[in-house]
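As a plain string of letters, each chain reads:
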Amino acid sequence: MAAPAQISHDEMEELREAFSKIDVDGNGFISANELTDVFKAANLQLPGYKIRELTQNLMCTGDLNKDGKISFDEFTNMVHSLKSTEVAKTFRKAINKKEGICAIGGTSEQSSAGTQHSYSEEEKYAFVNWVNKALENDPDCKHVLPMDPNTDDLFRAVGDGLVLCKMINLSVPDTIDERTINKKKLTPFTIQENLNLALNSASAIGCHVVNIGAEDLKEGKPHLVLGLLWQVIKIGLFADIEISRNEALIALLRDGESLEDLMKLSPEELLLRWANYHLENAGCPKINNFSSDIKDSKAYYNLLNEVAPKGDNEEIPPIAIDMTGLREKEDIKRAECMLEQADRLGCRQFVTANDVVRGNPKLNLAFIANLFNRYPALQKPENQDIDWSALEGETREERTFRNWINSLGVNPRVNHLYGDLADAIVIFQLYEKIKVPVDWSRVNKPPYPKLGGNMKKLENCNYAVDLGKNEAKFSLVGIAGHDLNSGNRTLTLALLWQLMRRYTLQILEDIGDGRKVNDDTIVTWVNTTLSEAGKSSKISGFKDGQISSSMPVLDLIDAIQPGSIRYDLLKTEDLTEEEKLNNAKYAISMARKIGARVYALPEDLVEVKPKMVMTVFACLMARGMKRA
């Protein structure tokens, strides 16, 4: 029998995502009877008898855990062996080995010595070209740009933190105050500061960076660099694929569907619906994904033809898409012809003809998102019976909570705060982050049945409230499971704030050998640290009006890391609102630069929002205690 083909990096990521969808408690195991669900989630259909045979083989060889659980490694071993079996030709086609995967040696805190990490050459090529284009006119990056996508330039270029800081600001403007980026005559110390700033700012916009350190970036570890860069790029690409920020998306409403239903869709789901909206208008078959269904380029061709400017806007000249390439018999030639037309729209980024033909899901998703951002070709519906009151944008507080939650690596990722918490699966993961044990045998896990599915979610929410009251000892008076399930904003935020507060205080307690910390402890530490450093600032509490100038925060940062604050860049007296915001932007970025993982926004300091102010001082206290 031929040796089984290896599993590529892209395939492994797809398998890991499928496994995690079923392994909702995140313990690394699924039960044997959930194996069918995992294969379905990975879009790898196997007959029932084959799955039973695989499970039986595991039991006979002793590979299956005694408790009947299957680990991710055992699952991938099944996939690995199936790639050479005769029984699953369709399966083998679905996981047909892709080219361009590089394996590198390396270790991480989460893996044993000698672990092999793989990375995708296609991703490296795509990301390099995207960064080159995005930063081509930035004078601060001329020392590393343009990068050659055929070399390892990217992994060296991120080593001083500049490129990452710039890309974060492109994805979420004004996240990093440019004044805080070290740009000239870089030393090991100032490079470390840039990398701290990049990592903590990435976390603040919702990137999961728990297993990535400054040293990893300095050394240019490919799998970690590409993983972080993809998160940053994706956040930027998805920023406007959200109905409250792009009301034209309401055109995608289907008959009998409410605006609330549409708002619950993830950016990926909205992109798929957008593509199918235009394909339907073109009289073409719909697609179910951006991988196997687009390999022949025909859907892309018709989509480009639909969204290309037609000349109905005087400011945008018409662009006629040449459809003759559809007649090409070879998929690769057809894909290249299609991309030539995409290039005429300025939207060729992220994919090569090979990426299209192989159905690379990540890069094709990026290609479609970029096309949408350039040419949505949607009109906001007029005279339609729509409840416009439901179209409320995300508040700063909601965005902060959502980014904090996502930075912890929850599964699934939270796109819409209330809808994505309605089954409490994410809330249970947050409980575990604050060391509140969850009995996962009591949790109903997705996929939920069409009939009675919401009842299953409500049972989860009831259990989540019970945990908060009885185990976490939160104040949840008047909060019931129904409130979480129905997305009651005020009451859901009340629970999230207590989770975030406990998480923040827990970090302080861990650093302080378990000593309990409360608001008074933090205020006392802040004032003592300021006084010992000879600073005149002090605070009476987290509602102190002086905080609106950001001077107590800036002085505290300078007390923790003497000489770090450039006071010549600041206005300290008789401040206008604009000057206060200017100080606050500098303060938040400087806090992150010295190593504090701050999630609050500059406006929170200017408006003296006590909850967020508390987290800023707590994070700085944690940083100060580490340096002590």
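In what follows, the structure referred to is the one given above.
In this report, the structure presented in the accompanying data block is examined. (Residues numbered from 1 in each chain as written. Predicted model: local features only at pLDDT ≥ 70, side-chain atom pairs only at ≥ 80, totals over all residues. Heavy atoms only, no water.)

Quick look at the side chain of Asn196
Right, so step 1: Position of Asn196 relative to the elements: it lies in helix α9 (residues 188–204).
Right, so step 2: Discounting residues that sit within four places of it in the chain, Asn196 has contacts with Ala214, Arg592, Lys593 and Gly595. (Helix = DSSP H or I, 4+ residues; strand = E, 2+ residues; numbered from the N terminus. Contact = heavy atoms within 4.5 Å.)

As for the packing of helix α18 (residues 396–407) against helix α22 (residues 489–511)
Right, so step 1: Taken N-terminus to C-terminus, the directions of α18 and α22 make an angle of 50 degrees; their axes are 11 Å apart at the nearest point. It follows that α18 is oblique to α22 by the angle criterion. You can see that α18 and α22 cross each other, and the crossing is left-handed. In this structure, α18 uses Glu397, Glu398, Thr400, Phe401, Trp404 and Ile405 to contact α22, whose residues at the interface are Arg489, Leu493, Leu496, Trp497, Leu499, Met500 and Tyr503.
Right, so step 2: Of the residues assigned to the contact of α18 with α22, the class counts are nine nonpolar, one polar and three charged. (Axes fitted to C-alpha atoms, helices over the stretch in contact; angles between N-to-C directions. Parallel < 35°, antiparallel > 145°, perpendicular 65-115°, else oblique. Left-handed = near helix turned anticlockwise from the far one by under 90°. Nonpolar A, V, L, I, M, F, W, Y, C, P; charged D, E, K, R; others polar.)

Overview of helix α13 (residues 267–281)
Right, so step 1: Over its 15 residues, α13 extends 21 Å from the first C-alpha to the last, a length consistent with the 21 Å expected when each residue adds 1.5 Å.
Right, so step 2: Packing partners of the buried residues in α13 comprise α11 (222–238), α12 (259–263), α14 (298–307) and α17 (361–374).
Right, so step 3: Positive phi shows up at Gly283, right after α13, with a value of about 75 degrees. (Expected span 1.5 Å × (residues − 1).)

Overview of the environment of Asp574
Right, so step 1: Structurally, the position occupied by Asp574 is in the loop between α24 (551–560) and α25 (577–593).
Right, so step 2: For the pair formed by Asp574 and Ser549, sequence separation is 25 residues and the distance between their alpha carbons is 9.5 Å.

Some thoughts on the pattern of salt bridges
It is possible for side chains of opposite charge to pair when their charged atoms get near one another.
Right, so step 1: All chains considered together, the criterion is met by 35 salt bridges.
Right, so step 2: Between Lys535 and Asp558 there is a salt bridge, and its shortest N-O distance comes to 2.7 Å. Taken together, the residues span a long stretch of sequence, with Lys535 in the loop between α23 (519–532) and α24 and Asp558 in helix α24 at a distance of 23 residues.
Right, so step 3: For Asp558, a relative accessible area of 9% corresponds to the buried category. (Salt bridge = Lys/Arg side-chain N within 4 Å of Asp/Glu carboxyl O. Buried < 20%, exposed > 50% of the residue type's maximum accessible area, 1.4 Å probe, protein only.)

None of the figures reported here should be taken as evidence of function without further support.
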